[in-house]
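# A structural walkthrough
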Amino acid sequence: MKKKIGVYVCHCGGNISDYVDVEKVRAEIEKDESVFLSKTTMFACADSNQKDMVTDIAEKQLDGAVVASCSPTLHLLTFSAVAERAGLNKYNYIHANIREQASWAHSDDKVGATEKAIQIVKAAVAKVKRSNALEPFRVAATNAVAVVGAGIAGLRSAIQLAESGAQVYLIEREFFVGGRVAQWDDLFVSKETGKELITRLYDKAMNHKNITLFTGAEIIENSGSVGNISLKVKIAPRHMKLDCNEGNLGKAIEVCPVVVPDKFNFNITTRKAIYHNFPGEYPQLPVIDIENCTRCGECEKVCENVDFSQKDEFLNIKVGSVLLATGFDPYEPKNDEFGYKTIDNVVTLPQFKRLVHYCDDKLVYKGKEVKNVAYIYCVGSRQVDGDNKYCSRYCCTATIHAAITAKKKYKDLYNFHFNRGIRTYGKQEVLYDESSRLGDIYLQSFEDHPPVVSKEGDKTIVTINDILTADKTLEVEADLVVLVTGMVPRQDNSIGSLLKIPRGRDNFFNEIHMKLRPVETVIDGVTIAGASQGPKNIMESMNSSLAAATKSFSLIASGELSLSPTIAKIDVDNCGWCGKCDDACPFSALTKTDVNGKLVAAVNESVCKGCGMCMPVCPSNAIELIGYTDNQIESMIDALVSTD
Amino acid sequence: MARINPKFTTELQSYGAFDTNACYNCGNCTAVCSLSDEDNSFPRKMVRYSVLGLENEIQTSLEPWLCYYCGDCSATCPREAEPGELMMSLRRYLTSKYDWTGLSGMLYKSLSTSVIAFVLLAVGVIWFASSLNFEPELLLHYGHYFEMSAIGSVFLLILLPNLIRMWNMVIRKPKVNVSFSAYLKSYSELIVHMFTQKRTLGCDDSQTRWFQHLILVIGYLSLLFTTVFLDWFATDSSFILVLGYLESAVIFSVTFIFMIGRLSKKTQVSKNSHPSDWFFVIWLFLMGLSAFVVRLFIDLDILETNIWMYLIHLTVLVQWAIIIVPFGKWTHFLYRSFAMYFEKLKSLSIS
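The model shown is predicted, which means the values in this text are computed figures rather than measured ones.

How big an interface is tends to be reported as the loss of accessible area on association of its parts. Between chain B and chain A, the residue contacts involve 19 residues of the former and 23 residues of the latter. Regarding the contact of chain B and chain A, the summed buried area is about 1900 Å², with carbon and sulfur atoms giving 54% of it. Considering only the surface of chain B that becomes buried against chain A, Met1, Arg3 and Ile4 of chain B emerge as the three largest contributors, covering 32% of it. For the interface between chain B and chain A, the tally reads 6 salt bridges. Taking the shortest distance from any N to any O, the salt bridge between arginine 3 of chain B and glutamate 475 of chain A comes out at 2.7 Å. One can count 13 residue pairs in polar contact (both at pLDDT 80 or more) joining chain B with chain A. For the side of chain B that touches chain A, the element with the highest residue contribution is helix α3 (residues 44-52) of chain B, accounting for 5 residues. Looking at the side of chain B that touches chain A residue by residue, the class counts come to 10 nonpolar, 2 polar and 7 charged. Where strand β26 (residues 472-478) of chain A and strand β1 (residues 2-3) of chain B come together, 2 bridges link them in parallel fashion.

This part takes up the pattern of salt bridges. Across all of its chains, the model carries 38 salt bridges over all chains by this definition. The salt bridge involving aspartate 19 of chain B is made with arginine 437 of chain A; its shortest N-O contact spans 3.4 Å. Remark: arginine 437 of chain A occurs in helix α12 (residues 429-437) and aspartate 19 of chain B occurs in the loop between α1 (8-13) and α2 (28-32); the pair is interchain, linking two chains. Owing to a relative accessible area of 25%, aspartate 19 of chain B belongs among the partly exposed residues under this scheme. Judged by its relative accessible area of 36%, arginine 437 of chain A falls in the partly exposed class.

On to the domain arrangement of chain A. Residue and element names in this part refer to chain A. Looking at the assigned domains, one finds that chain A contains domain 1 (5-134), domain 2 (144-236 + 312-327 + 490-556), domain 3 (246-302), domain 4 (331-488) and domain 5 (564-626). On the side of domain 4, 5 residues touch domain 3, which itself brings 5 residues to the contact. Of the roughly 540 Å² buried between domain 3 and domain 4 on both sides combined, carbon and sulfur atoms contribute 70%. When the buried area of domain 3 at its contact with domain 4 is split by residue, Asn265, Phe266 and Ile268 rank highest and sum to 83% of it. Seen at the junction of domain 3 and domain 4, the total is 0 salt bridges.

The rules behind the values
- Residues numbered from 1 in each chain as written.
- Chains lettered and ligands numbered in written order.
- Predicted model: local features only at pLDDT ≥ 70, side-chain atom pairs only at ≥ 80, totals over all residues.
- Heavy atoms only, no water.
- Contact = heavy atoms within 4.5 Å.
- Buried area = accessible area lost by both parts, 1.4 Å probe.
- Salt bridge = Lys/Arg side-chain N within 4 Å of Asp/Glu carboxyl O.
- Polar contact = N/O pair within 3.5 Å; in protein donor to acceptor, adjacent residues only side chain to side chain.
- Helix = DSSP H or I, 4+ residues; strand = E, 2+ residues; numbered from the N terminus.
- Nonpolar A, V, L, I, M, F, W, Y, C, P; charged D, E, K, R; others polar.
- Pairing = 2+ DSSP bridges.
- Buried < 20%, exposed > 50% of the residue type's maximum accessible area, 1.4 Å probe, protein only.
- Domains from an automatic or database assignment.

Here it is as structure tokens:
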């Protein structure tokens with residue numbers, strides 16, 4: 001019990017003292033024999049008063065302090081810091097709110113407001129008497145980060161982390177790096193292709209000693225907490241020996257009899273069961289698609305590097321933080337959505353981009369030359385009825401860029417943009433300008449009257465009530481209809497489920513605060529980057545990658561983590577492990593443990609947030625929350641209701 | 001339902017239109033246009049039709065004729081798409097669509113064709129004159145005879161059929177239901193607009209352009225009357241003599257002002273001059289001036305020794321009557337006033 005407590009009652013200019021008789025409050029509190037010193041002050045937060053408090057606490061050797069002033073949201077940290085500056089543990093400082101809870105709330109009743117203020121301050125004094133000095137937990141942090149996804153966001157984050165000095169495990173589920181960006185050719189605004197960007201990042205990453213890349217790899221188990229996270233990684237084999245001979249590989253691909261749609265080209269082309277995405281793909285080592293492989297053995301006959309004996313490998317790694325850069329999936333239109341899969345010349349934007357890549361002099365789709373291209377915007381985004389209410393941000397720019405590319409590449413090509421308002425925001429506006437100067441035609445409709453794709457004989461007709469032409473019904477004979485599909489979250493959310501990353505209403509990974517904490521998740525130590533968090537263009541993905549890398553590194557940079565001491569504590573004598581606390585804990589901080597032959601609950605100190613959810617469910621009252629013990633809280637209640 | 005034809009803009013550009021692709025549908029042109037109202041979006045509707053290549057819609061439209069080119073739209077266009085000049089080009093386009101001979105289109109689209117036509121006619125006149133041994137009396141006689149017959153034949157063979165084609169495009173084909181009495185009731189509209197161009201009054205802040213244009217029209221029509229029917233070059237009446245001098249002086253003075261305007265490009269309307277604009281204003285100027293000088297030569301009694309002067313006048317006259325009147329810019333005199341008439345008919349139509 002503290003016996004030399006200092007109490008400061010604040011006027012707050014008049015905010016408090018106009019309604020609460022602060023002198024009376026002080027006089028009442030002074031009666032408590034544990035109160036060694038009591039003062040009123042015009043502004044407790046003023047520099048001069050803070051200095052006086054430091055002097056008081058230090059010179060008079062006070063062992064507890066209370067300031068009765070405004071909301072703790074505003075100044076708790078201010079006075080905790082004052083206590084620390086004076087050499088008093090900050091947990092021996094208690095804040096009493098007599099402004100929001102007394103003077104402002106009861107400005108019509110000065111006597112009542114004063115009485116309430118006295119009770120509130122008494123409660124604070126009761127708690128401070130029973131307060132203990134607490135020190136933060138210090139946990140050693142592993143100087144390593146797992147970056148999940150080796151697309152452009154993952155690669156950039158990995159390089160940033162490695163350059164900061166962290167060990168980086170770059171974990172890619174596919175067998176090749178580069179993600180979506182590797183699938184694109186020219187990009188706005190530079191002439192650099194997606195492949196060139198990826199090559200640049202790949203070279204840099206591979207030349208950095210701190211980065212280890214795993215392809216065909218997935219995290220399958222996760223334990224521990226921020227600073228010390230243990231991950232189990234499953235690495236699928238490529239079924240190829242590492243030192244390959246390029247000549248024989250070509251033959252092996254040639255002889256493979258299995259033909260499957262090529263996902264890299266969004267199924268507009270096919271590939272073999274032994275493949276690489278394109279020449280120069282990274283890593284430059286083909287892979288055998290074992291799911292589709294028939295094990296006919298043809299490739300083995302011509303290529304000595306094929307190795308069917310390779311098995312899954314498992315690797316345990318320990319990291320301080322996990323950075324998720326798992327990217328997005330392109331929206332897959334429903335059957336017959338704008339004629340998709342029911343009308344023969346309807347493709348998606350990603351397919352169109354790959355098509356333009358493969359067609360040199362003439363744009364040809366399914367054997368027919370394409371002259372008129374109709375782009376239908378916002379397919380799968382900004383849905384009125386569907387779940388995807390959001391704008392996918394990148395598609396207007398990407399479409400116009402693709403349209404200009406096609407227009408410049410092929411003679412006499414005409415572009416028709418069926419849009420719902422063009423959003424080439426920021427610097428991308430110049431593309432819109434260029435496209436309309438090139439003669440691209442823009443037609444616009446509202447969401448309730450989307451364009452219609454229909455078949456008239458062997459012709460494909462796109463019809464719209466164009467609001468730019470006074471709602472006139474207009475039609476275009478299209479040789480190719482391109483559905484501008486937006487971004488959706490990865491269909492496979494296994495990593496999100498494993499790490500318990502909450503998802504937003506849009507189903508992308510959710511940040512803590514959209515504006516102020518944009519790359520952190522509620523799971524300590526896990527940050528998110530790139531389009532895994534929501535639709536982003538490359539530029540925006542880079543911003544978030546660098547932010548997430550910095551945030552992840554800041555957790556482990558000092559080699560140890562300082563964690564709040566106000567967490568749950570188990571009374572081993574009373575606990576009989578019923579598991580109810582474990583069920584109630586939203587952070588999985590409680591585990592069953594054996595203490596001298598007795599099964600009891602144990603708190604993982606680096607995971608517990610001190611939320612208190614476990615305490616009321618414990619049938620034997622074996623859990624205390626440090627800093628908010630039953631003893632402390634009950635004494636406060638007693639003080640609040642006492643009448644003397 | 002209308003099908004989009006992006007190739008149309010290329011054709012329209014051969015009539016003088018600027019970069020129609022520059023339009024990004026902001027609607028500034030409509031906001032400033034004094035002709036625009038809730039039902040009719042001037043000139044954006046026509047801009048949009050042009051960009052989309054809706055030829056049928058353009059051909060049934062009267063809007064291009066209802067615009068008198070104040071140029072406010074071009075001046076306020078943030079993309080410098082020159083909507084005013086587009087309307088001008090649409091008038092040229094429509095003129096060639098109304099013309100059954102197709103010569104209008106050829107002359108509008110190709111400067112060299114126009115030049116060749118002018119040269120051929122000049123050669124023709126000189127050849128004809130030489131076949132008469134440059135006999136002044138015969139030349140004047142045939143010149144007068146040509147004037148009278150040209151008026152009649154150009155009107156009957158070219159202008160009347162073209163007006164009927166215009167009516168067919170804007171009234172009959174779109175199935176505008178007009179009662180016979182409406183045709184009779186509205187004819188005053190035609191006469192008033194033909195001789196006053198009063199619609200221009202709503203377009204400009206200053207009335208100067210309207211006034212200059214008005215006296216030019218009156219001067220031109222009355223000089224035509226004075227030379228053809230009052231036989232100015234052979235008259236003995238001093239009243240007719242002075243009247244002719246006055247009328248021709250009005251013509252070459254006003255057209256001189258117009259030419260200066262087109263050269264200085266100070267107003268929006270004179271900024272962009274298509275060859276057909278120059279031909280129109282220069283030939284009108286030459287007509288007024290040469291007529292004036294010819295009559296002066298007669299009065300000074302030196303024409304017989306200087307018959308070249310009459311030859312110049314006759315050449316200008318023939319070129320004017322055979323190229324500019326039936327196939328050139330002169331036709332706007334008719335189409336504009338008939339457009340007002342047809343517009344009135346449309347408003348009276350039973351829908």
